[in-house]
Amino acid sequence: MRTFAYARADSVERAVDAQHAQQAGAFVAGGTLLLDLVKLDVMRPQQVTDISALPMKEVAFVDDDRLRIGALVTNTDLAHHPDVRQHYPLLSQAILNGASTQIRNMASTGGNLMQRTRCPYFRDVAAACNKREPGSGCDAMQGINRMHAVLGGSEHCIAVHPSDMCVALAAIGATVTLQGPDGTRDVDFGNFHRLPGETPHQEQDITDDELIVALTLAPPLAPQGAAYVKLRDRASYEFALAAAGAMISLDGDMIGEARLALGGVATKPWRCAEAEEILRGQPAETATFERAAEAALADAQPLEHNAFKVPLARQAIVRALRDATRDAKEGHA
Amino acid sequence: MKDYSEHSPDATVPVHLTLNGEPVSVDVTPNAILLDVLREQLQLGGTKKGCDHGQCGACTVHVDGIAMNSCLRLAVMCEGQEVTTIEGLAEADGRLHPVQQAFLERDAYQCGYCTPGQIMSATAMLDDERIASDDAAVREAMSGNICRCGAYRNILAAIQDARQQMQGADPARSDLASEVRS
Ligand SMILES: Cc1cc2nc3c(=O)[nH]c(=O)nc-3n(C[C@H](O)[C@H](O)[C@H](O)COP(=O)(O)OP(=O)(O)OC[C@H]3O[C@@H](n4cnc5c(N)ncnc54)[C@H](O)[C@@H]3O)c2cc1C
Ligand code: FES
Ligand code: FES
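Calculation criteria
Residues numbered from 1 in each chain as written. Chains lettered and ligands numbered in written order. Predicted model: local features only at pLDDT ≥ 70, side-chain atom pairs only at ≥ 80, totals over all residues. Heavy atoms only, no water. Near = heavy atom within 4 Å. Polar contact = N/O pair within 3.5 Å; in protein donor to acceptor, adjacent residues only side chain to side chain. Areas by Shrake-Rupley, 256 points an atom, 1.4 Å probe, with all protein chains shown as cover. Helix = DSSP H or I, 4+ residues; strand = E, 2+ residues; numbered from the N terminus. Nonpolar A, V, L, I, M, F, W, Y, C, P; charged D, E, K, R; others polar. Contact = heavy atoms within 4.5 Å. Buried area = accessible area lost by both parts, 1.4 Å probe. Salt bridge = Lys/Arg side-chain N within 4 Å of Asp/Glu carboxyl O. Pairing = 2+ DSSP bridges.

## Overview of the site of ligand 1
Lining the immediate surroundings of ligand 1 are 35 residues, of which Phe 27, Ala 29, Thr 32, Ser 108 and Asp 164 of chain A lie closest. Per-site note: the chains with residues close to ligand 1 are chains A and B. Here an oxygen atom of ligand 1 and a backbone polar atom of Ala 29 of chain A are 2.7 Å apart. Alone, ligand 1 offers 980 Å² of accessible surface; in the complex the protein occludes 96% of this. Of all the secondary-structure elements, those providing two or more residues to the shell around ligand 1 are β2 (25–28), α7 (109–113) and β8 (211–217) of chain A. Here the residues of the shell around ligand 1 are counted per class, giving 17 nonpolar, 13 polar and five charged.

In structure tokens form, the structure reads like this:
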């Protein structure tokens, strides 16, 4: 395994400074992504700055009902946090549908936001990959693309964004707070992850010397039902082929507010604004859900091996909306 | 909080751990992986390497009481932490942990390669009151441990036996468990 220098940061400022001084540095929080990719020689940091001891482990409501989550809160602690379970059940469900107990115990909120694709060509340094090696081409286009995206791809990259947590965040709405050498700035979650376009190597709106300090969720929809449906090759400990996260509030038998986001089928966490528009004010029944699913997948561009993802995602959407409606009727939250 | 420190790639860094209850100091390079340090430097071969990428759970240990994949953890990051491996579960007099005993009695393995990781996950899970106790919840919580021999049925049975055993031995724990179940 490649060697690197190591610094243990004792303050956010020092972490940012240590990183700012580096050409090729990386932060490490849980290490589950970084060390996996260093072992594969996909990531090649010359210095690793350990941020795991920094005071970014709090979960608390700030003014106006928004939940602020420190970047180092583990996926396990976040999923089981009483306020998350009660007010943001979709987030809790999505996280618990991802990875394994051990990995969730290690994985941090910030690290999950920075998660990189599981595309096998990205993970194989012998393959062409524009994300890993800009300009080298994309072996997935003509290769085995069963796992790849049907939404949000470009001719340069069709790699899927793998996170479950981020699907819930896309539906809920959130702000990412970054601290850099010149102070802090907030990025809307919907703009944090980028479409690949012509620059698939630029994955998030963050510079190398910026640290994610916190994530702040939009106020909860109330009252709401929520459901996360993840379809995959095995029942647990596997990434999504198609996943849908839905939140519904009801007005009698009609849908009041609706939120829908997809995972496993798109190049970034995929909010379905048009489908949400179709749902609002309509009867909460299967025909409505099917129309929403059609709208959400209208722009899908299947490749040689992944056309099955379109009907699979349609099912995930209809089921998530149906389950969220049932949850709302049962008077959740 | 831990103090600021910086180390060049080939420097060795002293790391102080409590390993299976004993204070230990070991010199590691910044890129040394906890799993390799346990096996190669500290001569504790009970923790296994299956995939080396977080995909199998054979390397599961407890860090400050929490189950983690030691193949995805830098040893330097464990400064000041308590690490428990399969070697540290039995009592000093050799009495096995109830989960170890139940694995024996239920024949919860074939080749045994995944077993240390299974047992480390199971012991952490049984101590975690946030995880429900029904079979489906246990299967889900244990899904990070792959068994190529397919001993899953007996692993589940062993874990549920150990749960009962541990509740019987410790009334306080049994109250907690029934609260969670209800
Ligand atoms: C076998 C396996 C299965 C998995 N299955 C799933 C799954 O089903 N669903 C799912 O959603 N995820 C899954 N994951 C991914 C897992 O959720 C991520 O690896 C994890 O969230 C990363 O968090 P971390 O703290 O370990 O990141 P690290 O490895 O510590 O860091 C990841 C990256 O983010 C950067 N970084 C970390 N923290 C910050 C910060 N605060 N500010 C700026 N940059 C930062 C690091 O420099 C690095 O580049 C799986 C992972 C593995 C190994
Ligand atoms: S060796 Fe660590 S998970 Fe397989
Ligand atoms: S007993 Fe052989 S891998 Fe589990």
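## Quick notes on the interface of chain A and chain B
Listed as interface residues are 41 residues of chain A and, on the opposing side, 38 residues of chain B. Summing both sides of the interface, chain A and chain B together bury roughly 3500 Å²; the carbon and sulfur share of this comes to 56%. Considering only the side of chain A, the residues that lose the most area to chain B are Tyr 6, Arg 8 and Gln 102 of chain A, jointly responsible for 22% of the buried surface there. There are two salt bridges connecting chain A and chain B. For the pair chain A and chain B, the interface holds 20 residue pairs in polar contact (both at pLDDT 80 or more). Counting only elements with at least two residues in the side of chain A that touches chain B, the list comes to β1 (5–8), α1 (12–20), α2 (34–39), α3 (75–80) and α6 (101–106) of chain A. With five residues, α6 of chain A is the single largest residue contributor to the side of chain A that touches chain B. Looking at the side of chain A that touches chain B, its residues break down into 18 nonpolar, 12 polar and 11 charged. Alignment of β1 of chain A against strand β1 (residues 5–7) of chain B, held across three bridges, turns out to be antiparallel. Bridge pairing in β1 of chain B places Ala 7 of chain A opposite Glu 6 of chain B.

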